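Each chain is listed here by its residues.
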Amino acid sequence: MDQMSPDNINGVILAVSSSIFIGSSFIIKKKGLKKAGASGVRAGEGGYGYLKEPWWWAGMITMIVGEVANFAAYAFAPAILVTPLGALSIIFSAVLAHFILQEKLHMFGVLGCVLCVVGSTTIVLHAPHEKTIESVKQIWQLAIEPGFLVYSALILIAVLVLIFYYEPRYGKTHMIVYVGICSLMGSLTVMSVKAVAIAIKLTFSGRNQFKDFNTWIFILVVAFCCLLQINYLNKALDTFNTAVISPVYYVMFTTFTIIASMIMFKNWASQSGLKIATELCGFVTILSGTFLLHKTKDMGNVSVSGSGRGSVSMPRVPPVFTNSGSGRGSSSDPPDLTAKIPPCT
């Protein structure tokens, strides 16, 4: 194992800080969405009442701070190192949901958190060194290579199909629609964010990159993609369970981002087969952790029935990628607010 470069160390510190803020923001935003849904049209139904909620704005500010730290991390370290560390935000989100939203974390959920940490550590210790980038124009040349252009075209086609065909029909019942839109666009966002972050870094070092029109193209792509992601992420958060959204979004987003990074920056070219295999093992370990967090999200909510001595009733477990509309008003659901708005991040 090679010694970590100073840039990679700075990237790791920024990425971990980002995870703390972003993981917390899910819970704070959830409180705002619940309050807004109690007095108006829910975000999942197309409402925007959450914009008047201080809790939602507090969550947005917390998320922005986290995203700024994440943004800065991409200026120092490769995406294949920074993005998987987002698993740590799942841990913070799951733990806070356990204590604040009463979305109980089972012992296997704790094991899932441990697996996420182990997998993240493995990737950090074997991450590739970033190629030296001298200008944004150099990144632009990577972005217009045939391989990445084909990838970008496929992503945009998939997103348009999800938005105009699947979202009106299955958006409220199949989580994969909202999360898919956010994850697919997220991979393009990260590539553009990295370009803008490097532009800022180079500008501060005395090489102004904002004279190059390519920098402004990347900025426009970041702005458009972020607005699109925020809109559909809010719909997902308001419709589905917190413990489901965070890990599934992380898995899909990270997978597509790593693929995009490999195609555009060719991080794998400078690594041996052993290191690539080790990184893949670390990533699979993280996926296993998020899977455990997802599958055991309701196992902590065990209640004792009053009709029989010692009898135990297990909670109703919803489908993995769907949200059954009939379950919202069932007798097993908590009354009032919780019955009206399903738990989400």
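Bear in mind that the values here come from a model prediction, so they are computed numbers and not experimental data.

### Let's talk about the overall build of the protein chain
If you tally the helices and strands in the protein chain, you get twelve helices and two strands. Counted from the first residue to the last, the protein chain has its helices and strands arranged as α-α-α-α-α-α-α-α-α-α-α-β-β-α. The burial tally for the protein chain puts 49% of its 345 residues in the buried class. Sequence separation of 24 or more characterises 83% of the internal contacts of the protein chain that already satisfy a separation of 6 or more. When the accessible surface of the protein chain is summed, it comes to about 15,900 Å², and 71% of that surface belongs to carbon and sulfur atoms.

### A closer look at helix α8 (residues 175–204)
The end-to-end C-alpha separation of α8 is 42 Å, in line with the 44 Å expected for 30 residues at 1.5 Å each. Here α8 lies mainly inside the structure; 25 of its 30 residues are buried.

### Here we look at the packing of helix α1 (residues 6–39) against helix α9 (residues 213–239)
Contact pair α1 / α9: the axes reach a minimum separation of 10 Å and the direction vectors enclose 75°. Considered as vectors, α1 and α9 are oriented roughly perpendicular to each other. Of the residues in α9, those touching α1 at Phe 26, Lys 29 and Leu 33 are Leu 233, Asn 234, Leu 237 and Asp 238. Residue composition of the contact of α1 with α9, by class: four nonpolar, one polar and two charged.

### Quick word on the UniProt feature "transmembrane region" (unreviewed entry) in the protein chain
Under the feature "transmembrane region" (unreviewed entry), the UniProt entry names residues 12–28, 55–73, 80–101, 107–127, 148–166, 178–201, 213–232 and 244–265. Measuring from the first to the last C-alpha atom of residues 80–101 gives 32 Å, for a span that is 77% helix and 0% strand. Here residues 107–127 is 95% helix and 0% strand, with 30 Å between the C-alpha atoms at its ends.

### Details of a nonpolar patch on the surface
Together, Met 107, Phe 108, Val 110, Leu 111, Val 114 and Val 118 make up an exposed nonpolar region whose accessible area comes to about 530 Å². In this fold, Met 107 is placed in helix α5 (residues 107–126). With a relative accessible area of 60%, Met 107 lands in the exposed category.

Basis of the calculations
- Throughout this description, residue numbers start from 1 for each chain and increase along the sequence as written.
- For this predicted model, a pLDDT threshold of at least 70 governs which residues receive local features, and a threshold of 80 or more governs which side-chain atom pairs are given and counted, while totals over whole chains, interfaces and linings are taken from all residues.
- Hydrogen atoms and water are omitted, and side-chain values are computed over all heavy atoms in the structure.
- In DSSP terms, a helix is any run of H or I states spanning at least four residues, a strand is any run of E spanning at least two, and both are numbered starting from the N terminus.
- With a 1.4 Å probe rolled over the protein chains alone, any residue whose accessible area is under 20% of its type maximum counts as buried; one over 50% counts as exposed, and the rest are partly exposed.
- A contact between two residues is defined here by any heavy atoms of the two lying within 4.5 Å.
- Areas reported as accessible are Shrake-Rupley estimates using a 1.4 Å probe. Residue values count occlusion only from the protein chains shown.
- Expected helix span is taken as 1.5 Å per residue step, with the number of steps being one fewer than the number of residues.
- Axis lines are fitted to C-alpha atoms, over the contacting stretch for helices. Their N-to-C directions set the angle, which ranges from 0 to 180 degrees.
- Put simply, angles under 35 degrees are roughly parallel, angles over 145 are roughly antiparallel, angles from 65 to 115 are roughly perpendicular, and the rest are oblique.
- The residue classification treats Ala, Val, Leu, Ile, Met, Phe, Trp, Tyr, Cys and Pro as nonpolar and Asp, Glu, Lys and Arg as charged. All others, Gly included, are polar.
- UniProt positions are given in the numbering used here, feature names are shortened, and annotations may be inferred rather than shown by experiment.
- Here, patches come from residues exposed beyond 30% relative accessible area and free of salt bridges, joined within 9 Å for like charges and within 5 Å for nonpolar side chains (Val, Leu, Ile, Met, Phe, Trp, Tyr).
- When a carboxyl oxygen of Asp or Glu lies within 4 Å of a side-chain nitrogen of Lys or Arg, that pair is called a salt bridge.

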